[in-house]
Amino acid sequence: MISCRNLTRRFGDFTAVDNLTIDIAPGNICAFLGPNGAGKSTTVHMLTGLLAPTSGEATVAGVPVTSGVELQ
């Protein structure tokens with residue numbers, strides 16, 4: 001299960017992901033589609049723990065994505 005609540009990532013004045021709220025149940029397949037600069041890669045980086053969210057929260061398999069990520 002992937003769960004995001006108001007997930008946001010800002011780079012200075014630029015907002016790459018703005019208040020994403022989504023639930024993906026176990027066994028489901030999800031695809032992110034959108035134009036360049038829509039925040040797809042930034043979202044995946046946050047969900048995999050490579051990038052800390054600016055605000056909001058997300059869990060993957062019940063584990064918060066910020067566990068193990070040093071917040072900047």
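What counts and how
Residues numbered from 1 in each chain as written. Predicted model: local features only at pLDDT ≥ 70, side-chain atom pairs only at ≥ 80, totals over all residues. Heavy atoms only, no water. Phe/Tyr/Trp six-rings, centres within 6.5 Å; stacked < 30°, edge-to-face > 60°. Lys NZ or Arg CZ within 6 Å of the ring centre and 35° of its normal. Helix = DSSP H or I, 4+ residues; strand = E, 2+ residues; numbered from the N terminus. Contact = heavy atoms within 4.5 Å. Core = buried A, V, L, I, M, F, W, Y, C linked by side-chain atoms within 4.5 Å. Buried < 20%, exposed > 50% of the residue type's maximum accessible area, 1.4 Å probe, protein only. Pairing = 2+ DSSP bridges.

Colleague: Residue-level account of the packing of aromatic side chains, with values.
Modeller: Counted by the stated rule, this structure contains 0 aromatic pairs. The cationic tip of arginine 9 hangs over the ring face of phenylalanine 11; the distance from NZ or CZ to the ring centre is 4.6 Å.

Colleague: Kindly report on the side chain of threonine 42, identifying the contributing residues and their values.
Modeller: Here threonine 42 is to be found in helix H1 (residues 40–47). Beyond its immediate chain neighbours, meaning those up to four positions away, threonine 42 contacts Arg9, Phe11, Ala16, Val17 and Leu51.

Colleague: Please provide a residue-by-residue account of the nonpolar core, values included.
Modeller: Across soluble globular proteins, you tend to see nonpolar side chains buried next to one another. Formed by Cys4, Leu7, Ala16, Val17, Met46, Leu47, Leu51, Ala58 and Val65, the largest nonpolar core amounts to 9 residues. Contributing elements (two or more residues each) for this core: strand E1 (2–11), strand E2 (14–24) and H1. Filtering out sequence-adjacent residues up to four positions away, leucine 7 remains in contact with Val17, Asp18, Asn19, Leu20, Met46, Pro53, Ser55, Gly56, Glu57 and Ala58.

Colleague: Provide a residue-level description of the sheet that holds strand E3 (residues 55–60), including the pertinent values.
Modeller: Spatially, the 4 strands line up as an open sheet ordered E2-E1-E3-E4, and their pairing is antiparallel. Of all the strands in the sheet, just E2 and strand E4 (63–64) have a single pairing partner and so form its edges. Two elements, E1 and E2, share 7 bridges in a ladder whose sense is antiparallel. Paired with arginine 10 across the strands is threonine 15, a residue of E2.

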